[in-house]
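The chain contents come next:
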Amino acid sequence: MTQAPEDAEARRAVEPVICYPNDALPRPDLALYARARAGAVKVGEVIAPPREAACFEVAAGQFFRISCIEGPQVGDLNLWNAQDLGERFYSGKTRALHGTHVTTGERLWSSFPAMRPIATITEDTLSWYGIDSFGGSVHDVIGTRCDPYTHNLLAGGQYHHCCHSNLTRALADHVGLSLTEAEQHVHDVLNVFMCTGFTRETGQYFMKASPVRPGDHLEFFAEIDLLGALSACPGGDCSAEHSSDAAACHPLRIEVFAPEAGALEGWAPPPVNGYDRSHGR
């Protein structure tokens, strides 16, 4: 092991600096969204069955709610621009701008080159949880989704009902792509209702039993036309394992709500990022 230098403690004691101060980010008009939501009517509902995924569509200016309805269950969420699958939710940049977990008033950002807010969290019944003594919190943008490749690497075998495969099947069926084509569009997720963090000792990603209970929900305002896919994770509440046929799993419900005409007066979908894409040439 490399010997620590004499000034090791001084180096460790250097104060951290926030990489991306977010005070300058465009702020969502949550009061406007709340007024629009108050008069909104339900226009659609989709159920993601246990160990399966389902797709849903939300028009710009509508709301969508993901609800726990039968028992504690986490879900893996993908979002795309409904007109262009190349623009999709960018969990890494969302994490860099807002932190490892997201809640009310924070936004999901899209991939380059558009890089704009595509959904805003307007209601979170688990916001009370905060950060626990283990460093865990809810709704993370750090886990990538359970997948058959990592499962094969660590445990061997062929497991097909992990979230990556669930999302691939759902997208393929919804838009008429082959599995190979659809898989290229499946991306890192928002882990809805999942309680996670990093261990203090080794910095490893951990999960623990989700605090979600029937009636809890996470609600979003769609900033652009969205195609979504939600997988009801085979880990259930992720208290013990994922990619499992043993865990108790439950369905998740996705509802879509449309505001009354004129309720969003003055609002418009955010433009794509203003960078000129010249890259110094």
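See the structure shown above.
Residues numbered from 1 in each chain as written. Predicted model: local features only at pLDDT ≥ 70, side-chain atom pairs only at ≥ 80, totals over all residues. Heavy atoms only, no water.

Trainee: Can you walk me through the nonpolar core in this structure?
Mentor: Most often, soluble globular proteins keep nonpolar side chains buried together rather than apart. Ranked by size, the top nonpolar core spans 42 residues in total, and within it Leu77, Leu79, Leu108, Leu190, Phe193, Phe220 and Leu226 carry the most contacts. Breaking this core down by element, the ones donating at least two residues are β2 (53–58), β3 (63–68), β4 (75–81), β7 (117–124), β9 (190–198), β11 (217–222), β12 (226–232) and β13 (252–258). Ranked by residues supplied to this core, first place goes to β9 with 5 residues. In terms of nonpolar packing, the next biggest core, distinct from the first, is built from 13 residues, Cys55, Trp80, Leu171 and Ala172 among them. (Core = buried A, V, L, I, M, F, W, Y, C linked by side-chain atoms within 4.5 Å. Buried < 20%, exposed > 50% of the residue type's maximum accessible area, 1.4 Å probe, protein only. Helix = DSSP H or I, 4+ residues; strand = E, 2+ residues; numbered from the N terminus.)

Trainee: When you look at the side chain of Asn81 in this model, what are you seeing that I'm missing?
Mentor: For Asn81, the position within the fold is in strand β4. Reaching out from Asn81, the side chain makes a polar contact with the backbone nitrogen of Gln83 at a distance of 2.8 Å. Look past the residues within four positions of Asn81 in its chain and what remains in contact with it is Glu87, Arg116, Ile224 and Asp225. (Polar contact = N/O pair within 3.5 Å; in protein donor to acceptor, adjacent residues only side chain to side chain. Contact = heavy atoms within 4.5 Å.)

Trainee: Hey, could you run me through the packing of aromatic side chains in this one?
Mentor: Within a pair of aromatic rings, the relevant descriptors are the distance that separates the centres and the angle that separates the planes. Enumeration over the complete set of coordinates arrives at 8 aromatic pairs. Considering the side-chain rings of Phe221 and Trp267, the 5.2 Å spacing of their centres and the 85 degrees angle between planes classify their relative orientation as edge-to-face. Taken together, the residues Phe221 in strand β11 and Trp267 in the segment after β13 connect sequence positions 46 residues apart. Every member of this aromatic cluster is reached through a ring pair, and the members are Tyr33, Phe63, Phe221 and Trp267. Sitting over the ring of Phe257, Arg37 keeps its end group 3.9 Å from the ring centre. (Phe/Tyr/Trp six-rings, centres within 6.5 Å; stacked < 30°, edge-to-face > 60°. Lys NZ or Arg CZ within 6 Å of the ring centre and 35° of its normal.)

Trainee: How should helix α4 (residues 148–155) be read in this particular structure?
Mentor: The periodicity of an α-helix, 3.6 residues per turn, causes residues three or four places apart in sequence to face the same way. The N-cap residue of α4 is Asp147: its side-chain oxygen and the backbone nitrogen of Tyr149 are 2.9 Å apart. Of the residues trailing α4, Gly156 is marked for its positive phi of about 75 degrees.

Trainee: Can you walk me through the pattern of salt bridges in this structure?
Mentor: Counted by the stated rule, this structure contains 14 salt bridges. Taking the shortest distance from any N to any O, the salt bridge between Glu219 and Arg65 comes out at 2.6 Å. In this pair, Glu219 sits in strand β11 while Arg65 sits in strand β3, placing the two residues 154 residues apart along the sequence. Of the residues examined, Glu219 reaches a relative accessible area of 1% and is grouped as buried. Two residues, Arg145 and Asp188, come together in a salt bridge whose shortest N-O distance is 2.6 Å. One end of the pair, Arg145, is in the loop between β8 (137–140) and α4; the other, Asp188, is in the loop between α6 (179–183) and β9, and 43 residues separate them in sequence. For Arg145, a relative accessible area of 17% gives the class buried. Overlapping salt bridges bring together Arg37, Arg65, Glu123 and Glu219 as one network. (Salt bridge = Lys/Arg side-chain N within 4 Å of Asp/Glu carboxyl O.)

Trainee: Mind showing me how you'd approach the environment of Ala232 here?
Mentor: If you trace the backbone, Ala232 turns up in strand β12. On the basis of relative accessible area, Ala232 is assigned to the buried category, the value being 0%. For the pair formed by Ala232 and Leu177, sequence separation is 55 residues and the distance between their alpha carbons is 22 Å. Ala232 has contacts with Ala48, Pro49, Pro50, Arg51, Glu52, Gln73, Val74, Asn166, His250 and Leu252, leaving out every residue within four places of it along the chain.

Trainee: Hey, could you run me through the state of the cysteines in this one?
Mentor: Two cysteines, two sulfur atoms, one covalent bond between them: this is a disulfide. The final tally for this structure, using the stated rule, is 0 disulfides. Cysteine Cys233 is unpaired, with the sulfur of Cys163 as its nearest cysteine sulfur at 3.8 Å. For Cys233, a relative accessible area of 4% corresponds to the buried category. Cys238 carries a free sulfur, and the closest cysteine sulfur to it, the one in Cys233, is 4.1 Å from it. (Disulfide = S-S within 2.5 Å.)

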